[in-house]
Amino acid sequence: MKIINKFNLSELSYIHIGPVVKLIVIEHINDFINIVDNYKILGNASNILFKEKQYDTQFVKLNINDELKIIDPDNCIVEIPAGMSIKKAINILSGMNIGGLEEFYPIPGTIGGMLFMNAGTPDKSISDNLIKINTINDSFGKKHFKFEYRYSGINEAIISAVFKLKKKQI
Ligand SMILES: Cc1cc2nc3c(=O)[nH]c(=O)nc-3n(C[C@H](O)[C@H](O)[C@H](O)COP(=O)(O)OP(=O)(O)OC[C@H]3O[C@@H](n4cnc5c(N)ncnc54)[C@H](O)[C@@H]3O)c2cc1C
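Residues numbered from 1 in each chain as written. Predicted model: local features only at pLDDT ≥ 70, side-chain atom pairs only at ≥ 80, totals over all residues. Heavy atoms only, no water.

Visitor: Before we go on, may I ask you to explain the environment of Tyr55 in this structure?
Guide: Residue position: Tyr55 is located in the loop between β3 (39-42) and β4 (58-62). In the structure, Tyr55 is positioned 35 residues away from Val20 in sequence and 8.8 Å away in space, judged by C-alpha atoms. Not counting the four nearest positions on each side in its chain, Tyr55 is found in contact with Pro19, Val21 and Phe50. (Helix = DSSP H or I, 4+ residues; strand = E, 2+ residues; numbered from the N terminus. Contact = heavy atoms within 4.5 Å.)

Given below as structure tokens:
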């Protein structure tokens with residue numbers, strides 16, 4: 001775990017606005033044990049508008065060195081770390097001839113931020129291919145959440161998520 005006492009959130013924010021705050025960088029899932037309540041987890045901060053003021057909140061950024069895992073190659077079932085950007089995930093999957101998330105390439109979010117918002121296009125949302133979400137202490141199937149348009153009802157830190165994708169047509 002790395003604690004940056006004076007981190008300028010404008011460095012992280014997509015639109016480069018934000019005050020100086022305490023930022024906790026999570027490098028291992030066990031690091032969460034050391035964090036008390038009242039924290040705000042950040043993805044790429046592409047859907048958050050920070051105020052130019054002091055915050056009491058602790059800000060948390062995931063930097064767990066987890067890689068995208070292929071769980072079942074025949075059925076294209078993959079686990080993607082929550083802190084990974086959707087662009088990076090699509091690029092890695094494309095190299096393995098796995099598709100199904102390409103529509104989301106223009107979205108500047110992470111997997112965690114996208115699931116929290118149930119982000120997507122007018123025709124498709126990130127939850128459409130979801131099987132389950134892994135949080136700090138548990139694992140929840142898709143039905144556990146109330147996915148609606150740009151809403152998930154998720155209220156805990158997402159660590160990774162498992163998706164059912166498809167083989168790319170060559
Ligand atoms: C140019 C541009 C284009 C965009 N296009 C689209 C679009 O086409 N469709 C669309 O739906 N959205 C779009 N967005 C909005 C935004 O990119 C998405 O909502 C994206 O899902 C936000 O992801 P993020 O990682 O940046 O999350 P953040 O902005 O960092 O966080 C958003 C919320 O998710 C929570 N969160 C983040 N990570 C986690 C985690 N690991 N666990 C639990 N909660 C978490 C945060 O606490 C926060 O409440 C766009 C934004 C921009 C700037």
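Following the structure, the description resumes.
Visitor: Even after reading the chapter, I still don't get helix α1 (residues 86-95), so can you show me in this structure?
Guide: Note that an α-helix has 3.6 residues per turn; residues three or four places apart therefore point the same way. Among all positions of α1, only Ile86, Ala89, Ile90 and Leu93 are buried. The arc enclosing the buried residues of α1, seen along the axis, measures out at 95°, which places them on a common side. On its buried face, α1 is in contact with β6 (77-81), β7 (98-99) and α2 (111-117). Once α1 ends, the next one or two residues include Asn97, with phi positive near 60°. (Buried < 20%, exposed > 50% of the residue type's maximum accessible area, 1.4 Å probe, protein only. Arc of directions from axis to C-beta.)

Visitor: So what exactly am I meant to see when it comes to the side chain of Asn129 here?
Guide: Locating Asn129 in the fold gives a position in the loop between α2 and β8 (130-135). Other than its neighbours up to four places away in sequence, Asn129 contacts Gly100, Leu101, Lys124, Val162, Phe163, Lys164 and Leu165.

Visitor: Can you help me understand the domain arrangement of the chain in this one?
Guide: Size of an interface, as often reported, equals the accessible area lost when the parts are brought together. When its domains are assigned, the chain resolves into domain 1 (2-62) and domain 2 (69-167). Taken together, both faces of the contact between domain 1 and domain 2 bury some 850 Å²; the carbon and sulfur share is 69%. Broken down residue by residue, the surface that domain 1 buries against domain 2 is led by Ile29, Asn44 and Leu62, which jointly contribute 45%. Viewed at the interface, domain 2 and domain 1 are joined by 0 salt bridges. (Domains from an automatic or database assignment. Buried area = accessible area lost by both parts, 1.4 Å probe. Salt bridge = Lys/Arg side-chain N within 4 Å of Asp/Glu carboxyl O.)

Visitor: Can you walk me through the sheet that holds β6 in this structure?
Guide: What holds strands together in a sheet is hydrogen bonding between their backbones, with the strands either parallel or antiparallel. Strand order in the open sheet formed by 5 strands is β5-β6-β10-β8-β9, with antiparallel pairing between adjacent strands. Only two strands of the sheet have a single neighbouring strand rather than two, namely β5 (69-72) and β9 (139-141). Across this sheet, the average inter-strand angle for adjacent strands is 20°, counted without regard to direction. As paired elements, β8 and strand β10 (residues 158-164) share 5 bridges and run antiparallel to each other. Following the sheet pairing, Lys132 is matched in β10 by Val162. (Pairing = 2+ DSSP bridges. Axes fitted to C-alpha atoms, helices over the stretch in contact; angles between N-to-C directions.)

Visitor: Sorry if this is basic, but what is going on with the sheet that holds β3 here?
Guide: Read from one edge of the open sheet, 4 strands run β1-β2-β4-β3, paired in mixed fashion. The open sheet has two edge strands, β1 (2-8) and β3, and neither has a second partner. If you compare each strand with its neighbour and ignore which way they point, the axes differ by 35° on average. Relative to β4, β3 is paired through 4 bridges, and the arrangement is parallel. Counted as the bridge partner of Tyr39 is Gln58 from β4.

Visitor: What is the right way to look at the pairing of β4 in this model?
Guide: The side chains of a regular strand alternate, residue by residue, between the two faces of the sheet. Taken across its 5 residues, β4 has 5 buried, putting it largely inside the fold. The two faces of β4 match: Gln58, Val60 and Leu62 on one face and Phe59 and Lys61 on the other face are all buried. As judged from the 4 bridges shared by strand β2 (residues 20-26) and β4, these two strands associate in the parallel manner. Note on β4: the bridge partner recorded for Ile24 is Val60.

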